[in-house]
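One-letter residues, chain by chain:
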Amino acid sequence: MSSGSNGARRMVSLLRPSIVDPGVCRSCQETLGRRSYASAAPAATETTSTSASTTPVVKPAYTINAGVVLSRPPQITRDLEPFEKSYYFYQKRLNERLALPFTKYFYFKRGTPADEDWKKKILERRTAARDIGKYNAYDSEAWNDELLLGAKESEPEHQVEMLLQDAESTANATSQDTSKKEEIPRPFPRVTEADKKNDQKSLDRLLSRTLYLLVQSKEGHWKFPSSPVESGETLRLAAERTLAQSAGVNMNTWMVGYHPVGWHAYNPPRAKSDKQTEVEVAGSKIFFLKSRIMAGQADLSVNTQNLKDFKWLSKEELSKYLNTQYYSNIKNMLADR
Amino acid sequence: MSMHTSLRRTAATITNSTTTILPRLPTQPTATTFICSQCRHATLLRRPKRPYTFTQLITLSDGSTFTHRTTSPAPIYRSTRDTRNSLLWNPSSSKLMNVEDDEAGRLAAFRARFGRGYDVNTPAEPVDPKDAAAVKEKEAAAKAQADAEQEEEDNLLDLISSFGQNEAPPPEKKPFKK
């Protein structure tokens, strides 16, 4: 705005010469400066001072890495909040009062066993619906549609159980063979064996969440599978190769796109120089590509990337295993659920 | 521009025509829809014409379930064919692959008699060492057959070349029966 702030900017740029690049516009320079101010500013100044003494023209370069964010999408819908459960239950009883009454004779022929069974059940539960408990929208008590505290009629599991019991009793009442009891298999539970054992290598864990593949290097730190991009290789090819070399080929995966969804820059405290080319390496930048697993399982037995362990973790669990800087860079590219 | 002027002209004509319409005579019938703007008595609020809906549990062929609202009074619907057991949606599923199991040996008998020309898919290349041995055997058989055919051809050539020179040699038995 004013000459004063311009002067201040100039002062800042003089104080932090490492950030200033003539090819970058001023606002970008400021954001870059702000970003590295907290964490990497001392390291950056140090690298520039050393490079200025030896080779003032060549800046230390970053190695480009391709990373794979391999995820298993949620398999089931999320659990409902208590408020949502009671809301849906309220809507069901309200619908009893608003919709037309059930036209029984359109669906059940008079005098058939199914018709007799239906009449018996209506006397019992006083409404055509099976999942709203004892409630009649047509009598004088129809206004009293609220559940008491602790009632389980609004639980989805209870409603499914009511449907199954009704189907079983109908099958038993209308079948000719009275000796045999009809058993309808219950749906699989939402909590699996792997959930109970907390088996973090299993893909059957946390069915309503997205799971991400995390690998552990021989040194012991956890990361997404990543490796340097070789010459003449695109980012996506490198990501596919990384996945095959780290987690094996026994997986049916699908790369979502050709562009990275996020990136992370690793700045070591001291810039190392490459032994062969004598070019200083400032650190590494990892560009993450998104991928989905359809079938199969990760297998590190034949990996060539110095990995020793893997885990399938949800977003919250990732933060416990990853380095703080790494996690803060990747957390926004992961799905919330 | 021409569009503009024409539109304007039509609008102008409409306004002209509306001004010339005479007011309605009181003997003409009024609108059929009854709008009660003045009456104050309580009216019956009719139920909307919405059919009664039940909650139904759908079980897909792989056992996954979900509930939905439907007019059908059946509490459970079990589907036999859906995306979960269709090969189109599960290209990597080995369960759905067209693997033929020949328990009675009828398929093998058919193939022994008529060959594999009727197969929908070409037989896959064997990978096992046992199968590799079978391939070698088959190659050897093919070579033997080729040799036999060559010999037969030679015999025929002999027959042609020797025709009319002297009495025909007694017809040899074919060394390999096809």
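Note that the coordinates shown come from a computational prediction; the quantities given were computed from them, not determined experimentally.

Asks: Any chance you could explain the packing of helix α6 (residues 113-125) of chain A against helix α7 (residues 156-174) of chain A here in plain terms?
Replies: When two helices pack together, you describe them by how their axes are tilted relative to each other and by the distance separating the axes. Residue and element names in this part refer to chain A. Running from amino to carboxyl end, α6 crosses α7 at an angle of 135 degrees, the nearest separation of the two axes being 9 Å. The orientation of α6 with respect to α7, classified from their angle, is oblique. α6 and α7 meet at a crossing whose hand is right-handed. Contacts between α6 and α7 involve Pro 113, Ala 114 and Asp 117 on the former and, on the latter, Thr 170, Ala 173 and Thr 174. Considering only residue class, the contact of α6 with α7 consists of 3 nonpolar, 2 polar and 1 charged.

Asks: How do you make sense of the interface of chain A and chain B when you look at a structure like this?
Replies: Where interface size is given, it is often the accessible area lost as the parts come together that is meant. Contacts between the two partners involve 22 residues from chain A and, on the opposite side, 17 residues from chain B. Of all the elements in the fold, those that place two or more residues in the side of chain A that touches chain B are α7 and β8 (280-296) of chain A. Among the elements that take part in the side of chain A that touches chain B, α7(A) stands out by supplying 6 residues, more than any other. Of the residues contributing to the side of chain A that touches chain B, the split by class is 17 nonpolar, 2 polar and 3 charged.

Asks: What's the story with the environment of A:Glu182 in this structure? I'm lost.
Replies: Residues and elements named next belong to chain A. Inspection of the secondary structure assignment puts Glu 182 in the loop between α7 and α8 (193-197). Glu 182 sits in the partly exposed class, given 14 other C-beta atoms within 10 Å. On a C-alpha basis, the gap between Glu 182 and Thr 170 in space is 9.3 Å, while along the polypeptide they are 12 residues apart. Contact partners of Glu 182, with chain neighbours within four places excluded, come to Glu 168, Ala 171, Asn 172 and Ser 175.

Asks: Before we go on, may I ask you to explain the confidence of the model for chain B in this structure?
Replies: Residue and element names in this part refer to chain B. Taken over all residues, the pLDDT of chain B has a mean of 71, while the share at 70 or more is 60%. Confidence, read as mean pLDDT per element, is least for helix α1 (residues 2-20) in chain B (43) and greatest for strand β1 (residues 54-59) (96). The model gives residues 1-20 a pLDDT under 50, and that stretch makes 0 contacts with residues more than four places away or in other chains. The ipTM, which scores confidence in the relative placement of chains, is 0.73 for this predicted complex, and the corresponding pTM is 0.63.

Asks: How should I be thinking about the sheet that holds strand β3 (residues 76-78) of chain B in this particular structure?
Replies: Hydrogen bonds between backbone groups are what pair the strands of a sheet, and the pairing can be parallel or antiparallel. All names here are of chain B. With mixed pairing, the 3 strands of this open sheet are ordered in space as β2-β1-β3. The open sheet has two edge strands with one neighbour each: β2 (65-70) and β3. Each neighbouring strand pair of the sheet contributes to a mean axis angle of 30 degrees, computed without reference to strand direction. Two elements, β1 and β2, share 6 bridges in a ladder whose sense is antiparallel. Residue Phe 54 lies in a different strand from β2, and its bridge partner there is Thr 70.

Asks: Looking at this model, I keep getting lost on the confidence of the model for chain A. Mind explaining?
Replies: A residue-level look at chain A finds 80% of positions with pLDDT of 70 or above and a mean pLDDT of 84. Confidence drops under pLDDT 50 across residues 36-53 of chain A; counting only partners more than four residues distant or on other chains, this segment forms 18 contacts.

Calculation rules
- Residues numbered from 1 in each chain as written.
- Chains lettered and ligands numbered in written order.
- Predicted model: local features only at pLDDT ≥ 70, side-chain atom pairs only at ≥ 80, totals over all residues.
- Axes fitted to C-alpha atoms, helices over the stretch in contact; angles between N-to-C directions.
- Helix = DSSP H or I, 4+ residues; strand = E, 2+ residues; numbered from the N terminus.
- Parallel < 35°, antiparallel > 145°, perpendicular 65-115°, else oblique.
- Left-handed = near helix turned anticlockwise from the far one by under 90°.
- Contact = placed C-beta atoms within 7 Å.
- Nonpolar A, V, L, I, M, F, W, Y, C, P; charged D, E, K, R; others polar.
- Buried ≥ 20, exposed ≤ 12 C-beta atoms within 10 Å, placed from the backbone.
- pLDDT = per-residue confidence, 0-100.
- Pairing = 2+ DSSP bridges.

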